[in-house]
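Chain residues, written in single-letter form:
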Amino acid sequence: MLISLFLPLIILGFLSNDVAGSFSNFPWTALFVWIYLSAYFIWFFIPVKLEKLTLEGDFNKLISFQDRLPWFFSILILLLQIFVDPTKLFLPGMGNRFPQTIPLIFSACFYLLFLWLSSSCFHKAFQKLLFWQQTPNEYFRARASIPILLFPPLLIGAFLEDTLSSIIIIPGLSDLPLIVLAPIFCLILYLLSPNLFNVAWQATSLDEGSPLSRDIKALAEKTGVKIAGVKIWNTFGEPIPNAAVVGLLDSFRYVYLTRFLVDTFTPEEQMIIVAHELGHFALGHVWTYMAFTLNLVGITLALRLSIFLYVPNLSETVGSIGITIGEMAIFLVIFLVVFTAISRCSEIQADQFSVSLLDKKYFVLTMDRLKRFIGTPSRKFPWWMETHPEIQKRVDSVQNFNGDIATIGRQARNIRMIMLGLLGISIVAIFPFLPILFEFHCLSFSSKEEPGAQFFQRVMELRKKIGDHPALEEITIKNCFSRGDWATAVFGCFSAFAGTPVLNQINPELEVFHHPVSPEIAFYFNFVEFLLKFFDFRAIHGVPFFYESFNFIQVFFCP
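S.K.: Where do I start with the overall build of the chain in this structure?
M.R.: Of regular secondary structure, the chain possesses 24 helices and 4 strands. Split into buried and exposed, the 559 residues of the chain put 47% on the buried side. When contacts within the chain are restricted to residue pairs at least 6 apart in sequence, those whose partners lie at least 24 apart make up 78%. Summing over all exposed atoms, the chain offers an accessible surface of approximately 28300 Å²; the carbon and sulfur share of this is 67%.

S.K.: In this structure, what is going on with the pairing of strand S4 (residues 254–258)? I would like to understand it.
M.R.: Within a regular strand, side chains alternate between the sheet's two faces. Counting buried positions over the 5 residues of S4 gives 5, a clear majority of the element. Of the two faces of S4, the one holding Tyr254, Tyr256 and Thr258 and the one holding Val255 and Leu257 are both buried throughout. Pairing between strand S2 (residues 229–233) and S4: 5 bridges, direction parallel. In the sheet register, Gly229 faces S4, and the bridge partner there is Tyr254. As paired elements, strand S3 (residues 243–246) and S4 share 4 bridges and run antiparallel to each other. Bridging from a neighbouring strand, Ala244 pairs with Tyr256 of S4.

S.K.: I keep staring at unusual backbone geometry and nothing clicks. Help me out?
M.R.: Its identity as a non-glycine residue notwithstanding, Gln202 has a phi of 50 degrees, on the positive side. Structurally, Gln202 is set in the loop between helix H8 (176–201) and strand S1 (204–205). Take Gln202: its relative accessible area is 41%, and that puts it in the partly exposed class. For Phe236, which is not a glycine, the phi torsion comes out positive at approximately 60 degrees. For Phe236, the location among the structural elements is in the loop between S2 and S3. Given the relative accessible area of 5%, Phe236 is considered buried.

S.K.: Looking at this structure, I do not really get the packing of helix H14 (residues 360–374) against helix H15 (residues 391–399). What am I missing?
M.R.: Packed helices, taken two at a time, are described by their axes: the angle between them and the distance between them. The N-to-C vectors of H14 and H15 enclose an angle of 175 degrees; their axes lie 10 Å apart at closest approach. Classified by the angle their axes make, H14 and H15 are roughly antiparallel. Within the contact between the two elements, H14 uses Lys360, Phe363, Val364, Met367, Leu370 and Lys371 and H15 uses Ile391, Arg394, Val395, Val398 and Gln399.

S.K.: What is the right way to look at the packing of aromatic side chains in this model?
M.R.: Using the criterion set out here, one finds 29 aromatic pairs in the structure. Plain terms: the ring middles of Phe73 and Tyr111 are 6.0 Å apart, the flat faces sit at 85 degrees to each other, and that makes the pair edge-to-face. Here the residue Phe73 occupies a position in helix H3 (residues 59–83), and Tyr111 occupies one in helix H6 (residues 101–129), the gap between them amounting to 38 residues. The exposure classification of Phe73 matches that of Tyr111, with both residues buried. Seen in terms of ring centroids, Trp201 and Tyr256 are 5.4 Å apart; in terms of plane orientation they differ by 75 degrees. Their pairing is edge-to-face. Taken together, the residues Trp201 in helix H8 and Tyr256 in strand S4 connect sequence positions 55 residues apart. Judged on exposure class, the residue Trp201 and its partner Tyr256 are both buried. The lysine or arginine in question, Arg143, covers the ring of Tyr139, its NZ or CZ lying 4.5 Å from the ring centre.

S.K.: What should I look at first to understand the pattern of salt bridges in this one?
M.R.: Side chains bearing opposite charge may pair, as long as their charged atoms lie close to each other. Under the criterion given, the structure shown has 8 salt bridges. Between Asp250 and Arg253 there is a salt bridge, with its nearest N and O atoms 3.3 Å apart. In this structure Asp250 comes out as partly exposed when scored by relative accessible area, which is 37%. Linking Glu439 and Lys465 is a salt bridge whose minimum nitrogen-to-oxygen distance equals 2.7 Å. In this pair, Glu439 sits in helix H17 (residues 433–444) while Lys465 sits in helix H18 (residues 452–466), placing the two residues 26 residues apart along the sequence.

S.K.: How should I be thinking about the environment of Arg141 in this particular structure?
M.R.: As for its placement among the helices and strands, Arg141 is situated in helix H7 (residues 136–164). Take Arg141: its relative accessible area is 16%, and that puts it in the buried class. A sequence separation of 60 residues divides Arg141 from Trp201, and the C-alpha atoms of the two residues are 9.0 Å apart. In this view, Arg141 contacts Ile148, Val199, Ala200, Gln202 and Phe236; residues no more than four positions away in its chain are not counted.

S.K.: Help me out: how do you make sense of the sheet that holds S3 in this one?
M.R.: Ordered in space as S1-S2-S4-S3, the 4 strands form an open sheet in which the pairing is mixed. Two strands lie at the open edges of the sheet, namely S1 and S3, each paired on one side alone. Across the sheet, helix H11 (residues 267–282) touches S3 and S4, and the angle it forms with S3 is around 25 degrees.

S.K.: Explain H14 here, please?
M.R.: Because each turn of an α-helix spans 3.6 residues, side chains separated by three or four positions in sequence point in the same direction. End to end, H14 covers 21 Å across 15 residues, agreeing with the expected 21 Å (1.5 Å per residue, within 8%). Within the span of H14, buried status applies to Phe363, Val364, Thr366, Met367, Arg369 and Leu370. For H14, the side-chain oxygen to backbone nitrogen distance between the N-cap and Lys361 is 3.1 Å, and the N-cap itself is Asp359.

S.K.: Explain the nonpolar core to me, please; I cannot follow it from the model alone.
M.R.: In summary, soluble globular proteins display a tendency toward joint burial of nonpolar side chains. Ranked by internal contacts, the top residues of the largest apolar core, which has 99 residues, are Ile227 and Leu257. In terms of residues, this core owes the most to one element, helix H13 (residues 314–357), which gives 11 residues. Aside from chain neighbours lying at most four places away, what touches Ile227 is Ile216, Ala220, Asp250, Arg253, Val255, Leu278 and Phe281. Within the second largest apolar cluster, 22 residues are counted, among which are Leu305, Ile436, Leu437 and Val459.

S.K.: Quick question: what am I supposed to make of the confidence of the model for the chain here?
M.R.: Any residue range with low pLDDT should be treated as having predicted coordinates unsuitable for detailed reading. Taken as a whole, the chain shows an average pLDDT of 82; of its residues, 84% reach a score of 70 or greater. Every residue in residues 507–517 is under pLDDT 50, and counting partners more than four places away or in other chains gives 24 contacts.

So, how was this worked out
Residues numbered from 1 in each chain as written. Predicted model: local features only at pLDDT ≥ 70, side-chain atom pairs only at ≥ 80, totals over all residues. Heavy atoms only, no water. Helix = DSSP H or I, 4+ residues; strand = E, 2+ residues; numbered from the N terminus. Buried < 20%, exposed > 50% of the residue type's maximum accessible area, 1.4 Å probe, protein only. Contact = heavy atoms within 4.5 Å. Areas by Shrake-Rupley, 256 points an atom, 1.4 Å probe, with all protein chains shown as cover. Pairing = 2+ DSSP bridges. Axes fitted to C-alpha atoms, helices over the stretch in contact; angles between N-to-C directions. Parallel < 35°, antiparallel > 145°, perpendicular 65-115°, else oblique. Phe/Tyr/Trp six-rings, centres within 6.5 Å; stacked < 30°, edge-to-face > 60°. Lys NZ or Arg CZ within 6 Å of the ring centre and 35° of its normal. Salt bridge = Lys/Arg side-chain N within 4 Å of Asp/Glu carboxyl O. Expected span 1.5 Å × (residues − 1). Polar contact = N/O pair within 3.5 Å; in protein donor to acceptor, adjacent residues only side chain to side chain. Core = buried A, V, L, I, M, F, W, Y, C linked by side-chain atoms within 4.5 Å. pLDDT = per-residue confidence, 0-100.

Below, the structure written as structure tokens:
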């Protein structure tokens, strides 16, 4: 369920900027066509489909159609970005200043708009099959909880990327500051996540004097888990029995319970669920997820640096969209295979933790009751892509469990150590890149008073390590301009424009810092040699006339 809720929004958030304007040759025409398709989808297709499902009385198909809606909306908005590029069409100035943030704002606004426009139709359909009291606004607010949870962190990350991209540490690697600061951003996000959950769920504090609050605090003390409080999770009129825990440190840890869970389940069933949630804290699962997030950052950094240093022309070969899609594919594979496996294992461990404190029979009764409310959801993804195991597997795992809390703790700690070990490996893998990046940085900010011969020698030493590199050629040309070596700089620009490696065309024997000849004459010889390459027929007829003639002139003037 979590995969189907978050995955389309994650894809929409990551691709909004990268695909923007890919085929925006006729933006106004594409905009009118897109508006027509969107209106048809919202005001004709959805109502007709819902009317058909309500007449059939098939509640499961209605839920399935509702779950597919985020995919439909995300695809529709990505089509807008691809063929229209609203940022360039309506806010070109802001788009140039914030190229990541503005497209994402457009995507988020359109997504919420589509949700709002379709809410009344879905609300009417559910009211015909169900009996709980819920207004159209409450239905919309329940659907908007996921975007409210996801879009703000994405927007903050995009804003930081736009802001930090102006800080050029290494030419051609503008996103390096953001990647380096990503671990700090993740830590702050984990610490402040309760505030975001409070807004998304409109959570309120549970009365500390209530019996449930006293029982939860007593159970937390028994397990050695410190919590900051208990929150009531607003489900906006929907009968959802659910619970969650949020927070990294003691003063930021909260247990969330839905109002329906509090009002419907027995105290024993409530404590089983609370014990499960406290198990996530006691077993360090939040820290495991944090380590997994840092691993993703490390993998991303290693991938970016590898492409920058050893495959610098990859963006020209596959395009920036190709690189983005490749990175997205890697992220999805890691997330859908590795993270989901960790999550399922954590859920089983939390179940076992709860029955280590309380009676197994209450756990089985609670799972049976949850199954009656939740039902048997249709399988949209294979089991190895789900974050939670099936209820029956959870019951079987608990019934076959004969260990204690110490055993569960060791298992959880082993997984966390594996995550930290992988993080250490990724850090070690990045170390060989650091000296090369440092040399790039030093060359980028080398003083214009540095002798040209010394600078050129450093460039050639770095070239031996990584080969021809566009950023290295850019640094060389800029350095020549800053030192006033106009001849070499202009010639380098011509070489770069023609697609010829700049460093191959610079002849050290003709350079002013290698030979006493004037820079103007050195430029003339290099430039003429560059032009004569267009008339070199040796590769066709084996006639070296122009080349040999040029050699004669070169020897005559430069003995």
